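Each chain is listed here by its residues.
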Amino acid sequence: MQRRSREIPVGVLLLASQMFQIGITNIPPVTLACLALNVWLFLSPLKPFHWVCLSVESCYEKKDWQRLLLSPFHHVDDWHLYFNMASLLWKGLTLERRLGSFWFAYVISVFSILIGVIYLALEYSLAELLDQPEYKMHCTIGFSGVLFALKVLNNNYNPGGHTNIMGLYIPNKYACWMELLMIHLLTPKTSFAGHLAGIIVGLLYVLGPLKRIMKAGAGIFFFDAHLRRQQYSFYDPGYRGQQGDFFDNQPYQEIPRNYYAYTAGFTEEEQLERALRDSLQDRVGVNNDPPPYGFNISPEDEMRRKRLNRFDRH
């Protein structure tokens, strides 16, 4: 195991600041564990990057299948880690509470491996169809493929909404494709096939057979008595039912009854932008109480939230 320099990278400090603004106890347990795992493996990587990154040559031809497990949880630098984990933080706050901690952990585990498999299939197909063997040597690393898949899930649960992508308000059902295009126009060195594999896995879950296969694999009928406790309704302004952890019959914490109470009515990108600004400026509100879920909500933001809450959100 290799260790990085003793100086804590800026990206890790920004992520820690964001997590403490939200409140560690407000972060669902699987999301928190996944954040901790990624940070730990960044600070103390198990192997050098060229031994954990995923490629057809290293994984398929050389039979180094452990890369399917290691690649998603390692990152190249602190900014790569920060932007991926900041995105995971916001997605985890909504998705884990909607799906439940057990199912969210199951989703993360299956997605991490399946995205790697589909990435290998895409790169192998390109190499064979275009007769360009260099595609087999393309090596990818990082959690962004899983994040694209989670974004598909999140957008599927909010079909009528819009996502702000560089000032353009895109309907949620098209947002992943636009984001995929914009990322690779602005940063062409990122893994197009890795991100595309994430979108494909997300679509297989929400539109295809993947969810049914996962339920069968998890013995969902055996656990049905427990999972019926997690009853949420997104046709009402808030949640219904209890949020319980699979391994504990008691709810791990009381959660807000209104989604917009802790997002201030912002989209995920607006939440991230505001949290970044708060982290960098270290603002202190007039009220001594901690801001809800990391946001200092101004009167203008509160008026915007109230306007949004006049409409039914599905």
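Sequence positions are assigned chain by chain, starting from 1 and proceeding in written order. Owing to the predicted nature of the model, reporting of local features is limited to residues with pLDDT of at least 70; listing and counting of side-chain atom pairs is limited to 80 or more, with chain, interface and lining totals taken over all residues. Side-chain figures throughout are based on the complete set of non-hydrogen atoms in the structure, without hydrogens or water.

Rules: UniProt positions are given in the numbering used here, feature names are shortened, and annotations may be inferred rather than shown by experiment.
Under an unreviewed UniProt entry, the name given to the protein chain is Rhomboid-related protein 4, and the source organism is Monodelphis domestica. Note on the protein chain: under the UniProt heading Catalytic activity (unreviewed entry), the record states "Cleaves type-1 transmembrane domains using a catalytic dyad composed of serine and histidine that are contributed by different transmembrane domains."

**Description of the overall build of the protein chain**
Worth spelling out the cut-off: Every helix listed is a DSSP run of H or I at least four residues long, and every strand listed is a run of E at least two residues long, numbered separately from the N terminus. The classification of residues rests on relative accessible area computed with a 1.4 Å probe and restricted to protein chains. Under 20% of the type maximum is buried, over 50% is exposed, and intermediate values are partly exposed. A contact between two residues is defined here by any heavy atoms of the two lying within 4.5 Å.
What the protein chain contains, in helices and strands, is 14 helices and 2 strands. Of all 314 residues assigned to the protein chain, the portion counted as buried reaches 48%. The contacts of the protein chain with a sequence gap of at least 6 include a subset with a gap of at least 24, amounting to 71%.

**Let's talk about helix H1 (residues 10-22)**
Definition in use: Multiply 1.5 Å by the residue count of a helix minus one, and that product is the helix's expected span. Note that the arc is defined by the directions from the helix axis to the C-beta atoms.
The end-to-end C-alpha distance of H1 is 19 Å, a good match for the 18 Å that 13 residues give at a rise of 1.5 Å each. Turning to H1, its buried residues are Gly11, Val12, Leu14, Leu15, Gln18, Met19 and Ile22. Each buried residue of H1 sits inside an arc of 160 degrees when the element is viewed along its axis, so together they form one side. Gly23, located one to two residues past H1, shows a positive phi value of around 105 degrees.

**Observations concerning the packing of aromatic side chains**
We describe a pair of aromatic rings using the distance from one ring centre to the other and the angle between the two ring planes. Heads up, the condition is: Geometry of aromatic contacts follows a simple scheme: Phe, Tyr and Trp rings, the Trp one being its six-membered ring, pair when their centres are within 6.5 Å, and the pair is stacked under 30 degrees between planes, edge-to-face over 60, tilted otherwise.
If you walk through the whole model with that rule in mind, you get 9 aromatic pairs. A ring pair is formed by Phe102 and Tyr106, whose centres lie 6.3 Å apart and whose planes are at 20 degrees; its orientation type is stacked. Note that Phe102 and Tyr106 are positioned in helix H6 (residues 101-129) at a spacing of 4 residues, about one turn of the helix. Taking relative accessible area as the criterion, Phe102 reaches 18% and is therefore assigned buried.

**Focus on a nonpolar patch on the surface**
Rules: Nonpolar side chains (Val, Leu, Ile, Met, Phe, Trp, Tyr) are joined into patches within 5 Å and like charges within 9 Å, using only residues with over 30% relative accessible area and no salt bridge. Accessible surface is estimated by sampling points in the Shrake-Rupley manner with a 1.4 Å probe; for residues, cover comes only from the protein chains shown. We define a salt bridge as a side-chain nitrogen of Lys or Arg found within 4 Å of a carboxyl oxygen belonging to Asp or Glu.
There is a patch of nonpolar side chains on the surface, built from Met166, Leu181, Leu185 and Leu186 and spanning about 450 Å² of accessible area. Relative to the helices and strands, Leu185 is located in helix H8 (residues 172-186). Exposure remark for Leu185: the relative accessible area of 59% places this residue in the exposed category.

**Description of helix H10 (residues 210-218)**
All buried positions along H10 are accounted for by Leu210, Met214 and Ala218. Within H10, the buried residues cover an arc of 65 degrees as seen down the axis, which keeps them to one side. Turned more than 90 degrees away from the buried face of H10, the exposed residues are Arg212, Ile213 and Ala216. Looking at the buried residues of H10, the elements they touch are H6 and helix H9 (192-206). Trailing H10 by a residue or two, Gly219 shows a phi angle of about 65 degrees, which is positive.

**Description of the nonpolar core**
As a rule of thumb, nonpolar side chains are buried together in soluble globular proteins. To keep things clear, this is the line we draw: Here the nonpolar core consists of buried residues drawn from Ala, Val, Leu, Ile, Met, Phe, Trp, Tyr and Cys, with membership extended through side-chain atoms lying within 4.5 Å.
Ranked by internal contacts, the top residues of the largest apolar core, which has 51 residues, are Val107, Phe111, Phe143, Leu150 and Tyr205. Taken together, the elements giving at least two residues each to this core come down to H1, helix H2 (29-43), helix H3 (56-61), helix H5 (78-99), H6, helix H7 (144-157), H9 and H10. Residue contacts for Leu150: discarding those within four places in its chain leaves Leu88, Lys91, Leu95, Phe104, Val107, Ile108 and Phe111. Core analysis: the next-biggest nonpolar cluster, separate from the first, contains 6 residues, Val152, Cys176, Leu196 and Ile199 among them.

**So, unusual backbone geometry**
If a residue is not glycine, its phi is most likely negative; likewise, a peptide bond is most likely trans. Phi is positive for Lys63, which is not a glycine, with a value near 60 degrees. Topologically, Lys63 is positioned in the loop between H3 and helix H4 (67-70). Given a relative accessible area of 52%, Lys63 falls into the exposed group. Despite not being glycine, Asp131 has its phi angle at roughly 55 degrees, a positive value. Secondary-structure assignment places Asp131 in the loop between H6 and H7. Note on Asp131: relative accessible area 66%, which makes it exposed.

**Considering the state of the cysteines**
Operational definition: Disulfides are defined as cysteine sulfur pairs within 2.5 Å.
A full pass over the atoms with the stated rule returns 1 disulfide. With its sulfur 1.9 Å from that of its partner, Cys53 forms a disulfide with Cys139. An S-S torsion of about 90 degrees defines the bridge between Cys53 and Cys139 as right-handed. Remark: Cys139 occurs in the loop between H6 and H7 and Cys53 occurs in the loop between H2 and H3; sequence separation between them is 86 residues. Judged by relative accessible area, Cys53 falls into the buried class, the value being 9%. The class for Cys139 is partly exposed, based on a relative accessible area of 39%. Free cysteine Cys59: the closest other cysteine sulfur is in Cys139, separated by 9.5 Å. On the basis of relative accessibility, which here comes to 0%, the residue Cys59 falls in the buried class.

**Things to note about the packing of H7 against H9**
How we decide: Convention adopted: a line fitted to C-alpha atoms gives each axis, helices being fitted over their contacting stretch, and angles between N-to-C directions are expressed from 0 to 180 degrees. Rotating anticlockwise by less than a right angle from the far helix to the near helix defines a left-handed crossing, while the corresponding clockwise rotation defines a right-handed one. For this scheme, ten residues count as nonpolar: Ala, Val, Leu, Ile, Met, Phe, Trp, Tyr, Cys and Pro. Four count as charged, namely Asp, Glu, Lys and Arg, and the remainder, Gly too, count as polar.
Relative orientation of the contacting elements H7 and H9 amounts to 35 degrees, with a least axis distance of 7 Å. Crossing of H7 against H9: the hand is right-handed. For the pair H7 and H9, contact is made by Ser144, Gly145, Phe148, Ala149, Val152, Leu153, Asn156 and Tyr157 and by Gly194, His195, Gly198, Ile199, Gly202, Leu203, Tyr205 and Val206, respectively. Of the residues that constitute the contact of H7 with H9, the class distribution is 9 nonpolar, 7 polar and no charged.

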